[in-house]
Amino acid sequence: MAGDSRILMDHNMEIGVTPAQVKKLPKHLREPQISTERTQLISEPVKKPRQRYVQKDGKCNVHHGNVQETYRYLSDLFTTLVDLRWRFSLLIFTLVYVVNWLFFGFLWWLIALIRGDLVHGDEEGWTPCVENLNSFVSAFLFSIETETTIGYGYRVITERCPEGIVLLLVQAILGSIVNAIMVGCMFVKISQPKNRAETLMFSNNAVISVRDNKMCLMFRVGDLRNSHIVEASIRAKLIRSQQTKEGEFIPLNQTDINIGFDTGDDRLFLVSPLIISHEINEKSPFWEMSMAQMEKEEFEIVVILEGMVEATGMTCQARSSYLDTEVLWGYRFTPVLSLEKGFYEVDYNNFHDVYETNTPLCSAKELATKLRDEPLLPQLPLLSPKPTTPTFDPLDCLSELHPLSQDEKMEERDSCDKGENNGSAAALKEPPLVDGLPD
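So, how was this worked out
The residue numbering used here restarts from 1 in each chain and proceeds along that chain's sequence as written. Confidence filtering applies because this is a predicted model: local features only for residues at pLDDT of at least 70, side-chain atom pairs given and counted only at 80 or more, and all residues used for totals across whole chains, interfaces and linings. Side-chain measures here rest on the full set of heavy atoms in the structure, leaving out hydrogens and waters. Counting from the N terminus, the helices are DSSP H or I runs at least four residues long and the strands are E runs at least two residues long. UniProt positions are given in the numbering used here, feature names are shortened, and annotations may be inferred rather than shown by experiment. In this analysis a 1.4 Å probe is tested at points of a 1 Å grid over the protein atoms alone, and where it fits but cannot get out there is a cavity; an open set with protein on both sides within 12 Å along at least five of seven lines is a pocket; lining residues have an atom within 4 Å of a point. Grid points are joined across faces, edges and corners, and a volume is the space filled by probe spheres set on the points. To count as a disulfide, a pair of cysteine sulfur atoms needs to be within 2.5 Å. With a 1.4 Å probe rolled over the protein chains alone, any residue whose accessible area is under 20% of its type maximum counts as buried; one over 50% counts as exposed, and the rest are partly exposed. Positive residues here are Lys and Arg, negative ones are Asp and Glu, while His and the chain termini are left out of the count. Salt bridges are counted wherever a side-chain nitrogen of Lys or Arg sits within 4 Å of a carboxyl oxygen of Asp or Glu. Here a polar contact means two N or O atoms within 3.5 Å. Within protein one must be a hydrogen donor candidate and the other an acceptor candidate, and residues neighboring in sequence count only if both atoms are side-chain atoms. Should any heavy atoms of two residues lie within 4.5 Å, those residues are counted as being in contact. All residues other than Ala, Val, Leu, Ile, Met, Phe, Trp, Tyr, Cys, Pro, Asp, Glu, Lys and Arg, Gly among them, are scored as polar; the first ten of these are nonpolar and the last four charged. Every axis corresponds to a line fitted to the C-alpha atoms, with the helix fit spanning only the stretch in contact, and the corresponding angles, defined between N-to-C directions, vary from 0 to 180 degrees. Angle categories are assigned with fixed cut-offs, so that under 35 degrees is roughly parallel, over 145 is roughly antiparallel, 65 to 115 is roughly perpendicular, and the rest are oblique. Note on convention: the crossing is left-handed when the near helix lies turned anticlockwise from the far helix by less than a right angle, right-handed when the turn is clockwise.

Thoughts on unusual backbone geometry
Part 1: A positive phi is found at asparagine 66, a non-glycine position, where the angle reads about 55 degrees.
Part 2: Relative to the helices and strands, asparagine 66 is located in the loop between α3 (27-30) and α4 (71-75).

A short note on the UniProt feature "transmembrane region" (unreviewed entry) in the protein chain
Part 1: Per the UniProt entry, the sites bearing "transmembrane region" (unreviewed entry) are residues 88-111 and 165-188 in this numbering.
Part 2: Strand forms 0% of residues 88-111 and helix 100%; the C-alpha atoms that close the span are 35 Å apart.
Part 3: The span residues 165-188 carries 100% helix and 0% strand; its end-to-end C-alpha distance comes to 35 Å.

Let's talk about the layout of surface pockets
Part 1: When its volume is computed, the largest pocket comes out at roughly 1,400 Å³.
Part 2: In this structure, the largest pocket is lined by 32 residues; those nearest its centre are Lys59, Asp83, Gln192, Lys194 and Arg319.
Part 3: Those elements giving two or more residues to the lining of the largest pocket turn out to be α4, α5 (77-83), β1 (200-202) and β9 (315-323).
Part 4: For the lining of the largest pocket, the element with the highest residue contribution is β9, accounting for six residues.

So, the state of the cysteines
Part 1: On inspection of all chains with the given rule, the structure shows one disulfide.
Part 2: The disulfide partner of cysteine 129 is cysteine 161, and the gap between their sulfur atoms is 2.0 Å. With the S-S bond torsion at -80 degrees, the cross-link from cysteine 129 to cysteine 161 turns out left-handed. Here cysteine 129, found in the loop between α7 (117-120) and α8 (136-148), pairs with cysteine 161, found in the loop between α8 and α9 (162-190); they are 32 residues apart in sequence, far enough to count as distant.

Digging into the side chain of lysine 189
Part 1: Relative to the helices and strands, lysine 189 resides in helix α9.
Part 2: In this structure, lysine 189 is buried with no salt-bridge partner, the nearest side chain bearing the opposite charge being aspartate 83 at 6.7 Å.
Part 3: At 2.9 Å, the side chain of lysine 189 and the backbone oxygen of valine 82 are in polar contact.
Part 4: Every residue in contact with lysine 189, bar those within four places of it in the chain, is listed here: Val82, Asp83, Leu84, Arg85, Trp86 and Ser89.

Details of empty space enclosed by the protein
Part 1: Enumeration according to the criterion identifies one cavity of 30 Å³ or more in this entry.
Part 2: As a volume, the largest cavity reaches approximately 60 Å³.
Part 3: Together, Leu81, Val82, Leu84, Ser89, Ile92, Phe93, Met182, Cys185, Met186 and Lys189 line the largest cavity.
Part 4: For the lining of the largest cavity, the secondary structure elements donating two or more residues are α5, α6 (86-115) and α9.
Part 5: In terms of residue count, the dominant contributor to the lining of the largest cavity is α9 (four residues).
Part 6: Taken together, the residues that form the lining of the largest cavity break down as eight nonpolar, one polar and one charged.

Details of the packing of α8 against α9
Part 1: At a minimum axis separation of 9 Å, α8 and α9 run at an interaxial angle of 60 degrees. Considered as vectors, α8 and α9 are oriented oblique to each other. In terms of crossing hand, the pair formed by α8 and α9 is right-handed. Contacts between α8 and α9 involve Ser143, Thr146 and Glu147 from the former and Leu168, Gln171 and Gly175 from the latter.
Part 2: Of the residues belonging to the contact of α8 with α9, the class tally is one nonpolar, four polar and one charged.

The structure is reproduced here in structure tokens:
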């Protein structure tokens, strides 16, 4: 306790406030201020920004730490080299070739040193292993010429050097293996489908509105290139922490969001931008969420678009995500496709635009119950063999043109009833018609 009080006193001395002054502060100054606007008496708690699981550009915001078994990366060396960043890939590419040339250059220089070519190479009648190889620099240049098959014609191996012939075979084989690995890594790294995913677009926001009397969650995807994605398919995941009935806490639990897997709507013909729709039904995780409840929830929707690149045939995957604050309730997407003379034109300026629409604030479960009990749209009566004659009430038309009070409307109805009764009595008093002429 004494240590805590001393730390508090030191902190107060640093900010220029004595402990006595802190105790004398009024309560309303020590507590956070509350907004006193006319339209808002109590300020709502500000929602903390949620950490993304997947960035908008598709990068996963997950770092692997405390990896003990690092040897597993060497078991798949090719994938490890491809996954490296460009600066490390270029550095390794250069080092592998330079070290290889230096190693075999040293072996060529060692053979020349053991045979005595460095000392007797200029004497007449001496046949060296490699002509005109008289230093380590010349051996290094001969190693580069051998592995790259440049062949300047100045340094040449002779047939009286069996050890040189064996070394030449080994260098040619190992050089081909090094070329295959390094050139293959560079080719795969350059032609990675990640670059193709840069031209696949996702809308900035997802929206919730009513489609065919059903609540739907929607987002839009598009492809900027004329070369299409073959066998394109899309899926979505709901990322949300969950606690089981037994009390187990599952962080970042993944739940499937059905966007047409059972009907085949997840298979896309992505020629123009498409609006992907998820029907919020009994199997949806948003079934019991209203607008007010969704504003309190913390979740993230991850969408994944996969397909093959038409030009290369390689599988491409594009990802994006929507936080709970990026899901707009009661909005729809602005149309982007228009019919021009002889073709359809896509206006990508409106790709991310939305407009507000009438949407119930209740959950999809409550909406389905209301539609089952009281349908929004009037149901047309079935055809029957006995048609009914519609009745016409003139007061209904008059009430639409000139609204009447309840008393006036009752008086008008009484007068109409009296007129109808008088007319019917007069009709009864008329003499009946008789067949033939009157007498």
